[in-house]
Amino acid sequence: MSLGTRNVEMRRRAVRLLPSGTPGRLLALAALAAVIALYLVLAARRNHFFDLRVYYGAVTHWVHGGELYDYRKPVTPYGFTYPPFAALTMLPMTLIPLGAAQVVSVLLAVGTTGVTLWWLLAPTIRRHGWPPWFALAVAGLLVAALEPVRETVTFGQVNTVLLCLVVGDLLLLVARGSRWGGIGIGLATAIKLTPGIFIGYLLVTRRWRAAATAVATAAGATVLAAAVAPDATREYWFSALPNTDRVGSLAFISNQSLRGMIARLGQAEWGDLLWPVTVLLVLGVWVWRVGRHREVTTGLALTGVVGGLVSPVTWIHHLVWLLPALLLLVDRACAAPAGSRHRRRLLVATAVLYVLACSGIVWIWELNSSGVLGFLGGNLYVWLALALVIGLPVSPPVAGRERG
């Protein structure tokens, strides 16, 4: 049997595994939606748009003459922690009531997640001949159960917007050699500094023009914010940013970064030594892997995972950056020969990662993460991320790699 004939037969088998006909697929979607909805009702934490309330209060306070970074949400120590350019993008929010802003926040999270899923899954869907609307709907429902995604929605966070900007930039512009490649990464970095690691990715893979565009975009947005709000800009860069107490305790269980893991050991003197060492080790593995494989989807997945590890603060809702890696596992599993041991390993790895990322199990150790179990279970996302950095499959599923 020729390679082409084998690929056609694999696609036919994949389609036959799906419910046949529109009524069957709609019934399957309804059943899956009911299961996911029940899970969300029973398992999801109620965060009551806490972060959105901080954004709304701070920007409204700023519009009415107050200092942006002086604002604190009532009865909490929490205030605005993003660069001034982020506050500029949020100004339209002050034109509507808080309730309407919450609705817009949910719609924005759902919309940007859907677009991101399509960009990431479209090649897999086309390769295997799956019905696009059905595959995307199934993926969307499954992704809704992921803890980082549901936390982003219930906090009213901006993570899916940033993810969408970076994914669209890399897959639609950078991978195609567009002169505009890097602009989405630059905007995301100006809104929140952590996506700046993708500028590092562009440099490591020697995409000089895209890296320059990203830096220029981030710098231009920052200068624009400085021109509009010089006092807020000065306050952010010289006072608010260095003050890590503004974002919460590093040892809090939701901080699933290397720094958070080390802080939970309870040995403050170790942190100053261990954190830089572990960060350098992880960055070394990342540079080695993305430098050897220039394919953009792989670089996107690995860089998103590493960004969460090396950032001093990575709350669970920040970990939407694991989504490209999870979908890459799905793609590589589907591309492996049917019935092969490699496919079974990838499917098991994907299922385990998905279940653990839905479980919310780390909160068992919210009040006490000491001991061996606390160290292992309370740092679950750190271990998952490290496993992905080391073991995420990087070889493209078909011949011919992206050039650029």
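Conventions used here
- Residues numbered from 1 in each chain as written.
- Predicted model: local features only at pLDDT ≥ 70, side-chain atom pairs only at ≥ 80, totals over all residues.
- Heavy atoms only, no water.
- Core = buried A, V, L, I, M, F, W, Y, C linked by side-chain atoms within 4.5 Å.
- Buried < 20%, exposed > 50% of the residue type's maximum accessible area, 1.4 Å probe, protein only.
- Contact = heavy atoms within 4.5 Å.
- Helix = DSSP H or I, 4+ residues; strand = E, 2+ residues; numbered from the N terminus.
- Arc of directions from axis to C-beta.
- Axes fitted to C-alpha atoms, helices over the stretch in contact; angles between N-to-C directions.
- Parallel < 35°, antiparallel > 145°, perpendicular 65-115°, else oblique.
- Left-handed = near helix turned anticlockwise from the far one by under 90°.
- Nonpolar A, V, L, I, M, F, W, Y, C, P; charged D, E, K, R; others polar.
- pLDDT = per-residue confidence, 0-100.
- Patch = residues over 30% accessible without salt bridge, like charges linked within 9 Å, V, L, I, M, F, W, Y side chains within 5 Å.
- Areas by Shrake-Rupley, 256 points an atom, 1.4 Å probe, with all protein chains shown as cover.
- Salt bridge = Lys/Arg side-chain N within 4 Å of Asp/Glu carboxyl O.
- Expected span 1.5 Å × (residues − 1).
- Bend = angle between axes of the 7 residues up to and from the residue.
- Polar contact = N/O pair within 3.5 Å; in protein donor to acceptor, adjacent residues only side chain to side chain.
- Phe/Tyr/Trp six-rings, centres within 6.5 Å; stacked < 30°, edge-to-face > 60°.
- Lys NZ or Arg CZ within 6 Å of the ring centre and 35° of its normal.

Let us look at the nonpolar core. Core analysis: the largest hydrophobic core is formed by 102 residues, its most contacted members being Phe-80, Leu-170 and Leu-202. Once you skip the residues sitting within four places of it in the chain, Leu-202 turns out to touch Leu-170, Val-174, Ile-185, Arg-207, Ala-210, Ala-211 and Ala-214.

A separate point is helix α12 (residues 230–240). Within the span of α12, buried status applies to Ala-232, Thr-233, Tyr-236 and Ala-240. Projected down its long axis, α12 carries its buried residues within an arc of 115°, all on one side. In the core, the buried residues of α12 are packed alongside α3 (50–63), α4 (84–89) and α11 (208–228).

Geometrically, a packed helix pair is captured by the angle between its two axes and the distance between the axes. Packing of helix α16 (residues 323–335) against helix α17 (residues 341–359) leaves a shortest axis separation of 8 Å and a crossing angle of 155°. Here α16 is positioned roughly antiparallel relative to α17, judged by the angle of their axes. Seen from above, α16 lies across α17 with left-handed handedness. Taking contact as the criterion, the partners of Leu-326, Leu-329, Val-330, Arg-332, Ala-333 and Cys-334 in α16 are, on α17, Arg-343, Leu-346, Leu-347, Thr-350, Leu-353 and Tyr-354. Counted by class, the contact of α16 with α17 contains nine nonpolar, one polar and two charged residues.

Next up on the list: unusual backbone geometry. Of note, the phi angle at His-48 is positive, near 55°, even though the residue is not glycine. Tracing the backbone shows His-48 in the loop between α2 (21–43) and α3. You can call His-48 exposed: its relative accessible area is 55%. The backbone of Phe-49 shows a phi angle near 55°, a positive value even though the residue is not glycine. Its place among the elements puts Phe-49 in the loop between α2 and α3.

With that settled, the discussion passes to the confidence of the model for the protein chain. Predicted coordinates in areas of low pLDDT are best not read in detail. Of the residues in the protein chain, 92% have a pLDDT of 70 or more, and the chain-wide mean is 91. In the model, residues 398–404 has pLDDT below 50 throughout and makes 13 contacts with residues more than four positions away in sequence or in other chains.

Right, let's get into the side chain of Thr-116. By the secondary structure assignment, Thr-116 is in helix α5 (residues 98–128). Exposure remark for Thr-116: the relative accessible area of 1% places this residue in the buried category. Apart from the residues lying within four places of it in its own chain, the contact partners of Thr-116 are Leu-163, Cys-164 and Val-167.

Among the surface-exposed residues, Leu-193, Trp-237, Phe-238 and Leu-241 lie close enough to one another that they form a single nonpolar patch of about 400 Å² accessible area. Residue placement: Trp-237 occurs in helix α12. Classification of Trp-237 by relative accessible area gives partly exposed; the value is 33%.

Between its first and last C-alpha, α5 extends 44 Å over 31 residues, near the 45 Å set by a 1.5 Å rise per residue. Roughly 50° is the biggest bend found in α5, and it falls at Leu-121, with proline Pro-123 one to four residues downstream. Gly-129 lies just past α5 and shows a positive phi near 70°.

Another point: the side chain of Thr-113. Note on placement: Thr-113 falls in helix α5. A polar side-chain atom of Thr-113 sits 2.7 Å from the main-chain carbonyl oxygen of Ala-109. Excluding residues that lie within four positions of it along the chain, Thr-113 makes contacts with Val-143 and Thr-160.

Time to look at the packing of aromatic side chains. Applying the stated criterion to the full structure yields twelve aromatic pairs. On the numbers, 6.1 Å between centres and 55° between planes, the contact of Tyr-69 with Phe-80 is tilted. Residue Tyr-69 is located in the loop between α3 and α4, and its partner Phe-80 is located in the loop between α3 and α4; the two are separated by eleven residues in the primary sequence. Assessed through its relative accessible area of 2%, Tyr-69 is described here as buried. Here Phe-252 and Trp-315 contribute two aromatic rings whose centre-to-centre distance is 6.1 Å and whose plane-to-plane angle is 70°, an arrangement assigned as edge-to-face. With Phe-252 in the loop between α12 and α13 (258–263) and Trp-315 in the loop between α15 (296–310) and α16, this pair connects stretches of sequence that are 63 residues apart. A residue is classified by how much of its surface remains accessible, and Phe-252, at 33% relative accessible area, is partly exposed. A connected cluster of aromatic rings, assembled from ring pairs, spans Tyr-55, Tyr-69, Phe-80, Tyr-82, Tyr-236 and Trp-237. Note that Arg-45 overlies the ring of Trp-363, its terminal NZ or CZ placed 3.6 Å from the centroid.

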